[in-house]
Amino acid sequence: MIIAEQKSLEEMKSLIGDAHKVLVVGCGTCVTVCFSGGAREAAIVSSSLRMASKLDGHPQEVTDVTVQRQCEWEYLDEIADQIKDADVVLSLGCGIGVQAIAEHFPDTWVVPGLNTSFMGLPTEQGIWAERCAACGDCILGLTGGICPIARCSKSLLNGPCGGSENGHCEINPEVDCAWQLIYDRLNKMGKTEVLLNIQPPKNWKTARDGGPRKIVRPDLRLEDEEED
Amino acid sequence: MPGDCHYLEGNVNAKRRVDYIKDLLVKIGLEPERVRMFYMSSAQAAQFAEAAKEMTEQIAAIGPNPLRTRISVEEQNGTDEQTSE
């Protein structure tokens, strides 16, 4: 899932400025599960901003609503009237949610309430860790299901490097060495021969390095939406 | 006492959440002393009464919730229909 963290209340106040009507929009998917921008968080942020604005002597009308997914037009359509009625929308969605609102409502001023952090999973309650860098050319089949792109600090394809010490990374002893994890797993599964295949330089064109990405699935397109 | 809870570590978790609320109150601009957690069992009536008395005195010393006061003034002026937080 996409993992995000809330911005400070101070930054949110600064972003919404002196707008009179503020709509806080939560998202019911990834950021609900990582407790940063779901219905509960939207209600808390809304209430906090309302109270803070009153204490500051300039009461703002802050309300909140949460949609199932901010990153799909259909769900945003359900709250179109509320969005259009607001002076500013504070999105508690990930960066995609913020941009979806901006794109779908061209006349609406939308600001982010979250910092979108990474794609990962909860390793324990209250702890999330990065697992995927969306490089666009998955190599997990070569590395025992552990991603060296996302989890090795140097994204090495043929690791470990000389900085691996007792299973930890030289950048921070609390960071596991991804290549140690890969070796241990392959060894446990009797598949260390996989490591004898030296990987050539990766073509990063499919990652962010190739510019903004887009996927087109002709089999899923609708005839009336097809571009010329 | 911490960890000595009918729900095992429940009161330890509750303490973390109370700390979170205190921090949030500070960010909002309210006194964190408006929320406090006391450890006791349901059999400690005397301690509960003592804690309630202590909390009442503490809140009285801090004074009324400024939000409530501000809202009442606004409501009197008819400029705000928001309900009290």
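Predicted model only: the values in this text are computed from it and were never measured.

1. Considering the overall build of chain B
Along its length, chain B carries three helices and zero strands. For chain B, the α and β elements follow one another from N to C terminus as α-α-α. The buried share among the 85 residues of chain B stands at 18%. Once local pairs closer than 6 in sequence are excluded, the contacts in chain B between residues at least 24 apart make up 32%. Approximately 6100 Å² of chain B is accessible, and the part contributed by carbon and sulfur atoms is 57%.

2. Quick look at the sheet that holds strand E1 (residues 2–6) of chain A
Residues and elements named next belong to chain A. Here we have three strands laid out as an open sheet, ordered E1-E6-E7, and antiparallel in their pairing. The open sheet has two edge strands with one neighbour each: E1 and strand E7 (127–132). For this sheet, the mean angle separating the axes of adjacent strands, direction not counted, is 70 degrees. In the sheet, strand E6 (residues 114–124) pairs with E7 via five bridges, with the strands oriented antiparallel. Bridge pairing links Met119 to Cys132 in E7.

3. Quick word on helix H1 (residues 10–28) of chain B
The end-to-end C-alpha separation of H1 of chain B is 27 Å, in line with the 27 Å expected for 19 residues at 1.5 Å each. Among the residues making up H1 of chain B, those that are buried are Asn11, Val18, Leu24, Leu25 and Ile28 of chain B. Along the long axis of H1 of chain B, the arc covered by the buried residues comes to 125 degrees, so they all point the same way. Tucked into the core, H1 of chain B has its buried residues touching helix H1 (9–16) and helix H3 (39–55) of chain A.

4. Brief notes about the pairing of strand E4 (residues 88–91) of chain A
Residues and elements named next belong to chain A. Neither face of E4 is left uncovered, since the one carrying Val88 and Leu90 and the one carrying Val89 and Ser91 both have all their residues buried. Relative to E4, strand E2 (residues 21–27) is paired through four bridges, and the arrangement is parallel. Paired with Val22 across the two strands is Val88, which belongs to E4. Judged from the three bridges that link them, E4 and strand E5 (residues 110–112) form a sheet pairing that is parallel. Within E5, the residue paired with Leu90 across the bridge is Val111.

5. Remarks on the packing of H1 of chain A against H3 of chain A
All names here are of chain A. Look at H1 against H3: their axes get within 11 Å of each other, and the N-to-C directions meet at 70 degrees. By the angle between their directions, the pair H1 and H3 is classed as roughly perpendicular. In this structure, H1 contributes Leu9, Met12, Lys13 and Ile16 to the contact, and H3 contributes Val45, Ser48, Leu49 and Ala52.

6. Points about the sheet that holds E5 of chain A
All names here are of chain A. Within the open sheet, the four strands sit side by side as E3-E2-E4-E5. Their pairing is parallel. Strands with a single pairing partner mark the edges of an open sheet, and in this sheet they are strand E3 (61–67) and E5. Going from strand to strand, the sheet's axes swing by 25 degrees on average, the running direction of each strand aside. Relative to E3, H3 is tilted by about 175 degrees, and along the sheet it contacts E2, E3 and E4.

7. Re the environment of Gly29 of chain B
Residue and element names in this part refer to chain B. Here Gly29 is to be found in the loop between H1 and helix H2 (45–62). According to the relative accessible area criterion, Gly29 is partly exposed, its value standing at 47%. A C-alpha to C-alpha distance of 18 Å links Gly29 and Ala60, two positions 31 residues apart in sequence.

8. Thoughts on the packing of aromatic side chains
For the structure on display, the rule yields zero aromatic pairs over all chains. Its end group placed over the ring of Trp204 of chain A, Lys202 of chain A keeps NZ or CZ at 5.5 Å from the ring centre.

9. Re the side chain of Lys202 of chain A
Residue and element names in this part refer to chain A. Relative to the assigned elements, Lys202 resides in the segment after helix H8 (178–188). At 4.3 Å, Asp137 is the nearest oppositely charged side chain to Lys202, a buried residue that forms no salt bridge. There is a polar contact of 2.9 Å between the side chain of Lys202 and the backbone oxygen of Asp137. Contact partners of Lys202, with chain neighbours within four places excluded, come to Cys135, Asp137, Ile139, Ile149 and Leu157.

10. Structural notes on the nonpolar core
Burial of nonpolar side chains together is a common tendency in soluble globular proteins. If you look at the biggest cluster of nonpolar residues, it comprises 28 residues, and the most contacted ones within it are Ile16, Val24, Val45, Leu49 and Leu90 of chain A together with Ile28 and Leu30 of chain B. Where this core is concerned, the elements lending two or more residues are E1, H1, E2, H3 and E4 of chain A together with H1 of chain B. Of all the elements, H3 of chain A adds the most residues to this core, at six residues. Filtering out sequence-adjacent residues up to four positions away, Ile28 of chain B remains in contact with Leu9, Ser48, Met51, Ala52 and Leu55 of chain A.

11. Focus on unusual backbone geometry
All names here are of chain A. In this structure, Pro160 follows Gly159 across a cis peptide bond, with omega equal to -5 degrees. Inspection of the secondary structure puts Pro160 in the loop between helix H7 (148–151) and strand E8 (168–169). Non-glycine residue Phe35 carries a positive phi angle of around 55 degrees. When you line up the elements, Phe35 lands in the loop between helix H2 (30–33) and H3. Although it is not a glycine, Ser155 adopts a positive phi angle of roughly 50 degrees. By relative accessible area, Ser155 is classed as partly exposed at 22%.

Scoring rules and cut-offs
- Residues numbered from 1 in each chain as written.
- Chains lettered and ligands numbered in written order.
- Predicted model: local features only at pLDDT ≥ 70, side-chain atom pairs only at ≥ 80, totals over all residues.
- Heavy atoms only, no water.
- Helix = DSSP H or I, 4+ residues; strand = E, 2+ residues; numbered from the N terminus.
- Buried < 20%, exposed > 50% of the residue type's maximum accessible area, 1.4 Å probe, protein only.
- Contact = heavy atoms within 4.5 Å.
- Areas by Shrake-Rupley, 256 points an atom, 1.4 Å probe, with all protein chains shown as cover.
- Pairing = 2+ DSSP bridges.
- Axes fitted to C-alpha atoms, helices over the stretch in contact; angles between N-to-C directions.
- Expected span 1.5 Å × (residues − 1).
- Arc of directions from axis to C-beta.
- Parallel < 35°, antiparallel > 145°, perpendicular 65-115°, else oblique.
- Phe/Tyr/Trp six-rings, centres within 6.5 Å; stacked < 30°, edge-to-face > 60°.
- Lys NZ or Arg CZ within 6 Å of the ring centre and 35° of its normal.
- Lys, Arg positive; Asp, Glu negative; His and termini not counted.
- Salt bridge = Lys/Arg side-chain N within 4 Å of Asp/Glu carboxyl O.
- Polar contact = N/O pair within 3.5 Å; in protein donor to acceptor, adjacent residues only side chain to side chain.
- Core = buried A, V, L, I, M, F, W, Y, C linked by side-chain atoms within 4.5 Å.

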